[in-house]
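Report on the structure
Here are the chains, one letter per residue:
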Amino acid sequence: MGLVFGLLWLFTGFLQGVHGQGVYAPPSVHIIHSGQACNVEEERYSERVYTIREGQTLELQCLVTGHPRPQIRWTKTAGGASDRPGDAATNNDTLKIERITRHQGGRYYCKADNGLGSPAIRSIRVDVYYLDDPLITVHQSVGESKEQFYFERTVFLRCVANSNPPVHYTWRRGREVLTQGSDSGVEIYEPFFTQGETKILKLKNLRPQDYADYTCISSVRNVCGIGDKSAHFVLSNKTAPPSIKLLLDDPLVVNHGETITLVCVASGGDPPPSLQWMRPGGEELPKRSIVKAGTLTIPGVTIDEGGPYTCVASNNVGNPAKKTANLLVRGLRKGRFWITPDPYHNDDNIQIGREVKISCQVEATPPEELQFSWLKNGRPLRSSERMVITHTDTEVSPGTTNLDIIDLKFTDFGTYTCVASLRNGGSPEISIDVNISSTTVPPELTVPRGRSHLIAQEGDTVDLQCLVSGKPKPIILWSRVEESGAAAATVSLMPDGSVQIESYDGVLRLNNVTREMSGTYRCQTSQYNGFNVKPREALIQLVVQFPPVVEPVFTEIRQALGRAFSLTCRLLRAHPARLLRYEWKLGSRLLTVGQFSEQRDDTNYQVKALNREGYGEYTCDITNEAGAGRCTFLVTGKAYPPEFYYDTYSALWQNKPRVYGFKLQWTQMEPNAVDRILAYRLGIRQMTQSRWWEQEIPMEGNIQKGELLTYNLTELIKPESYLIRLTPITRYGEGDATERIIMYSAPVNPHLREFQCGFEDENMCLFSQDKTDVFDWTRHSAATRNTKYTPNTGPSSDHNGSKQGFYMYIETSRPRLEGDKARLLSPTFNMNTKNPAPSANSPTYCFAFFYHMYGKHIGALNVLLRQKGQTVTDTSVWTLTGNQGDRWRQAKVNIHPTAAFQLVIEGVRGAGIEGDIAIDDVTIEEGECKDPPPKNLRTNAPPSSPHIWQLCVTLSLAVIGWQR
């Protein structure tokens, strides 16, 4: 706050307390609303409904009481599940959703918890109102459809609009409003099962006058300001449902990389239908697609983009027309082979004189264009009696070709090549070589010696290896097996989340292994790219060791000098769990060591009497072969942080024009846990500045748990906000500090316990001028009064007799006319208090003010109670007319609002210019009015009674402060 802050600070303090639990209290909750609500309804005692228009801002505030200050959490159930980004919950007293959508309606819960008693929970149901554009669809009776679709037939016009609340529909033919019974040829009804969702207009046996322009008007009766919406449809003798045709071959076979164009045109329908291309199951069109009307262009088409494409035509008449084209992109993929030994022998080896079969398999698009050829040692091979070549049906995919070698001879040894291609080209060939010789043998699978049971530690890299022999050498498939007792083994996922992992060298590498990777792993030969025989397999057991897991990992213990305490470190799990040792240290000093017995899972360290050297960090390390787990205990004499009290009644006050005061209150968390608190260091900083000013508040005697401590801050400069920091001090030193922000506000309490305004501030305590009246009230002081003022009317000072004090008055000089009104509006006071009373027993408030009505032309002074419920109502609660003499008088009146309210102070100009009316020192207090004012109050009366805080015996401290 610059140089201003460097001026003298005055802190005035007093201490008060309550023993036992003191001001500690479980939480209570109340939800109030702000933002753009259409309406808030109280339904019975449990249901509150907040209505808001879609697209507006939802703002709910959770008002809480309780000490310590409760933690607030907003959650939502019902309605949409994915309402907000990371929607689960928000930890804030205010829930704000900008541009709310219909899916975000539902019940919102505010939960407050401070650890005392049960959490307090309140809820409010948010009802989002909306109205979509209506849609008219046209249908004909089932069984009556012919070429002349709408000639002497019954037609149904259905109007549908999504909305909340339910829609009210109105049908018009031209300018004529159609109602049930207004025309014998027209019937209007709502289907039983769609009540409120649609309105059907039935035209029975179409007549010439039925060919017209029809309008469906949907309305939610202007709720939330949502206007009516309408849809139009022109019914004529040409009206017809859509029909389409595709200008392309089906299926359309193209080559990879080509640009393809699918054309769909409307062959009928009135109104002209709209055309749309889509893929089955809601799959998106290729990203490179270009759609223009009924033409779909895909440049550089790929194999994956092949498949069905559907053209849909719609004009809201009858059912949409659909036609599907199949796009086939030529291609070959996934070439595989296998060798099958003679099935009539139990031996899996290939031997002279026996049969052997070589199979080759390829996936092809389109499958009917797939063709195979065989080569032996690079030369074409034709089918013969001993070399039988067969192919599967072209309609079966993938396609397979087999070469059966009957009565294998030595001369049959060699390299056989299977060549797959497409008849019309468009894709490269796939060639697969298979060697048949005396060295072609089925696979064998083994695990290297000593590698079937592996032990590793967390974080290691482990290689699981299976040795495979045979020719050709097959691919190895790795999978994981979890033993389930004596039952059959169940397969679980590999570390990368897959079921199987392929390996071409027989090695499975696991990086940074964790304890969850322990278990049995299976390696087995694949049945493709090798022998078509029973798979060979082997198992490897992996054991991952990890250090002990302990608790607590870290905890802080606060203790006073001379006290005894115990530290316990618990073992949760470890592998291996044998030969566990523990070691206790304070800092680097060894305290004790030992070994766990099989019966124990924790270790303790006892301190009989804490001395200053006993403060510090205690550690307990529990170790095994894999490492150590550590419990850490920080033993300190620091005091716990203070707990600011947020429910102080009338915490902020004003009795000077440019400054305000604040009653700072707090309790001490666990005051008996450490040595006695000797003092508090109070730090204060203006939010817009970096300089801290500090003052020490000494404490006498012991502070009890729940004892409420109070310190009055005065001379806080309006309208600045301040950061307050409070730090307890013991003989150990400074404890934990806590901070809060003090924000200035005009004396308007949202819970409305007390309101005061002397109009000393330019913002007039948030009073405002009514924009609908004839003229305004004027803020004024006698010290600045115009010398040309009208004599014989108006006050010569404020109600306290000060010529520097301000008041409000109406100036009745020209151009004002008789009957002109000026209205002054108070702030809006919300009835949603922390402890709301039932509507049947609304709280009573005392509205009091001083008035000055002097002059022979005095008109009238009226007070009205304006309540803002579902409608705004003004009720007269006080009125006075005529000259009341040259003195200030006080008026008091009880008011009983049942909703958010304002007070309207209305001044009415009398018959002439000597009719100035003034008001001053307005108050609103909870409860009935007490001590009715005397009938006569003389001008220049002594100042009003001091406030309660002015009556306290206080000690003023000149705070010099020092910078931190």
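Given the structure is predicted, the values throughout are model-derived calculations rather than measurements.

1. Re the overall build of the chain
Counting its regular elements, the chain contains 2 helices and 74 strands. Going through the 964 residues of the chain one by one, you find that 46% of them count as buried. Restricting to contacts in the chain with at least 6 residues of sequence separation, those with at least 24 account for 70%. Carbon and sulfur atoms make up 49% of the accessible area of the chain, which amounts to about 49,000 Å² in all.

2. Remarks on the pattern of salt bridges
In this structure the tally under the stated criterion is 39 salt bridges. In this structure, the salt-bridge partner of aspartate 407 is lysine 409, at a minimum N-O distance of 3.5 Å. For aspartate 407, a relative accessible area of 34% translates into the label partly exposed. Accessibility expressed as a relative area gives 35% for lysine 409, which makes it partly exposed. Counted as one network, the salt bridges with shared partners bring together Arg173, Glu176, Asp183, Arg207 and Asp210.

3. Some words on the sheet that holds strand β12 (residues 155–160)
With antiparallel pairing, the 4 strands of this open sheet are ordered in space as β11-β12-β17-β16. Where the open sheet ends on each side, the last strands, each with one partner, are β11 (135–140) and β16 (186–189). Shown here is a sheet whose adjacent strand axes are inclined to one another by a mean of 20°, direction ignored. Relative to β12, β11 runs antiparallel, the two sharing 6 bridges. Counted as the bridge partner of isoleucine 136 is cysteine 159 from β12.

4. Observations concerning the state of the cysteines
Scanning all chains against the criterion turns up 8 disulfides. Across a sulfur-sulfur distance of 2.2 Å, cysteine 757 and cysteine 765 are joined as a disulfide pair. Taking the torsion about the sulfur-sulfur bond, which here is approximately 85°, the covalent link between cysteine 757 and cysteine 765 counts as right-handed. Assessed through its relative accessible area of 4%, cysteine 757 is described here as buried. In this model cysteine 620 remains outside any disulfide bridge; the closest cysteine sulfur is found in cysteine 569, 3.8 Å from its own.

5. Comments concerning the packing of aromatic side chains
Inspection of every chain in the model, using the stated rule, returns 17 aromatic pairs. A centroid spacing of 4.9 Å and a plane angle of 50° characterise the contact between tyrosine 660 and tyrosine 744, whose relative ring orientation is tilted. One end of the pair, tyrosine 660, is in strand β56 (residues 659–668); the other, tyrosine 744, is in the loop between β62 (738–742) and β63 (754–757), and 84 residues separate them in sequence. The exposure classification of tyrosine 660 matches that of tyrosine 744, with both residues buried. Through pairs of rings, three or more aromatic residues link up here, namely Trp584, Tyr605, Tyr618 and Phe633. A cation over an aromatic ring shows up here: arginine 558 above the ring of tyrosine 640, its NZ or CZ 4.4 Å from the ring centre. The ring of tryptophan 692 carries the charged tip of arginine 725 above its face, separated from the ring centre by 3.8 Å.

6. Description of the side chain of lysine 376
Summarising the element assignment, lysine 376 is placed in strand β30 (residues 370–376). Of the side chains bearing the opposite charge, aspartate 412 lies closest to the buried lysine 376, which forms no salt bridge; the N-O distance is 4.3 Å.

7. Quick word on the side chain of serine 721
Inspection of the secondary structure puts serine 721 in the loop between β59 (709–717) and β60 (722–730). Residue classification places serine 721 among the buried residues on the basis of a relative accessible area of 18%. For serine 721, the residues in contact, after removing those within four places along its chain, are Arg685, Gln686, Met687, Ile742, Met743 and Tyr744.

8. Let's talk about the sheet that holds β30
In space, the 4 strands of this open sheet follow the order β31-β30-β34-β35, with antiparallel pairing throughout. Across the chains shown, the open sheet's two edge strands, defined by having one partner strand only, are β31 (379–381) and β35 (430–436). Across this sheet, the average inter-strand angle for adjacent strands is 35°, counted without regard to direction.

9. Quick look at the nonpolar core
Among the nonpolar cores identified, the biggest contains 33 residues, and Phe759, Phe767, Trp777, Phe847, Phe849, Leu861 and Ile919 are the most heavily contacted of them. Per-element tally for this core: the top contributor is strand β68 (residues 845–853), with 5 residues. Discounting residues that sit within four places of it in the chain, phenylalanine 847 has contacts with Val863, Ala891, Lys892, Val893, Leu903, Ile905, Val922, Thr923, Ile924 and Cys929. By size, the runner-up hydrophobic cluster in this structure holds 29 residues, among which are Val362, Leu370, Leu381 and Val434.

10. What to know about a nonpolar patch on the surface
On the surface, a nonpolar cluster with roughly 290 Å² of combined accessible area is contributed by Met687, Ile741 and Met743. Positionally, methionine 743 belongs in the loop between β62 and β63. Judged by its relative accessible area of 59%, methionine 743 is exposed.

11. Some thoughts on the confidence of the model for the chain
With 86% of its residues at a pLDDT of 70 or more, the chain has an overall mean of 85. Confidence drops under a pLDDT of 50 for residues 144–151, and excluding neighbours within four residues, the segment shows 20 contacts in the predicted structure. Contacts of residues 832–840 to residues separated by more than four positions or lying in other chains number 17 contacts, the stretch itself having pLDDT below 50.

12. A closer look at unusual backbone geometry
The omega torsion across asparagine 164 and proline 165 is 5°, close enough to zero to call that bond cis. Along the chain, the position of proline 165 falls in the loop between β13 (163–164) and β14 (168–173). Between aspartate 250 and the following residue, proline 251, the backbone shows a cis peptide bond with an omega angle of 0°. With respect to the helices and strands, proline 251 occurs in the loop between β20 (240–246) and β21 (252–254). Positive phi, close to 55°, is recorded for cysteine 224, a residue that is not glycine. Tracing the chain through its elements places cysteine 224 in the loop between β18 (213–219) and β19 (229–234). The exposure class assigned to cysteine 224 is buried, which follows from its relative accessible area of 16%.

13. Some thoughts on the environment of glutamate 818
As for its position among the elements, glutamate 818 is in the loop between β66 (806–810) and β67 (821–825). Accessibility expressed as a relative area gives 60% for glutamate 818, which makes it exposed. In the structure, glutamate 818 is positioned 93 residues away from alanine 911 in sequence and 5.1 Å away in space, judged by C-alpha atoms. Ignoring sequence-local partners within four residues, the contact set of glutamate 818 consists of Arg909, Gly910 and Ala911.

14. Overview of the environment of glutamate 625
In this fold, glutamate 625 is placed in the loop between β52 (616–624) and β53 (627–636). Residue glutamate 625 is classed as partly exposed on the basis of its relative accessible area of 47%. There is a polar contact of 3.3 Å between the side chain of glutamate 625 and the side chain of arginine 578.

Basis of the calculations
Residues numbered from 1 in each chain as written. Predicted model: local features only at pLDDT ≥ 70, side-chain atom pairs only at ≥ 80, totals over all residues. Heavy atoms only, no water. Helix = DSSP H or I, 4+ residues; strand = E, 2+ residues; numbered from the N terminus. Buried < 20%, exposed > 50% of the residue type's maximum accessible area, 1.4 Å probe, protein only. Contact = heavy atoms within 4.5 Å. Areas by Shrake-Rupley, 256 points an atom, 1.4 Å probe, with all protein chains shown as cover. Salt bridge = Lys/Arg side-chain N within 4 Å of Asp/Glu carboxyl O. Pairing = 2+ DSSP bridges. Axes fitted to C-alpha atoms, helices over the stretch in contact; angles between N-to-C directions. Disulfide = S-S within 2.5 Å. Phe/Tyr/Trp six-rings, centres within 6.5 Å; stacked < 30°, edge-to-face > 60°. Lys NZ or Arg CZ within 6 Å of the ring centre and 35° of its normal. Lys, Arg positive; Asp, Glu negative; His and termini not counted. Core = buried A, V, L, I, M, F, W, Y, C linked by side-chain atoms within 4.5 Å. Patch = residues over 30% accessible without salt bridge, like charges linked within 9 Å, V, L, I, M, F, W, Y side chains within 5 Å. pLDDT = per-residue confidence, 0-100. Polar contact = N/O pair within 3.5 Å; in protein donor to acceptor, adjacent residues only side chain to side chain.

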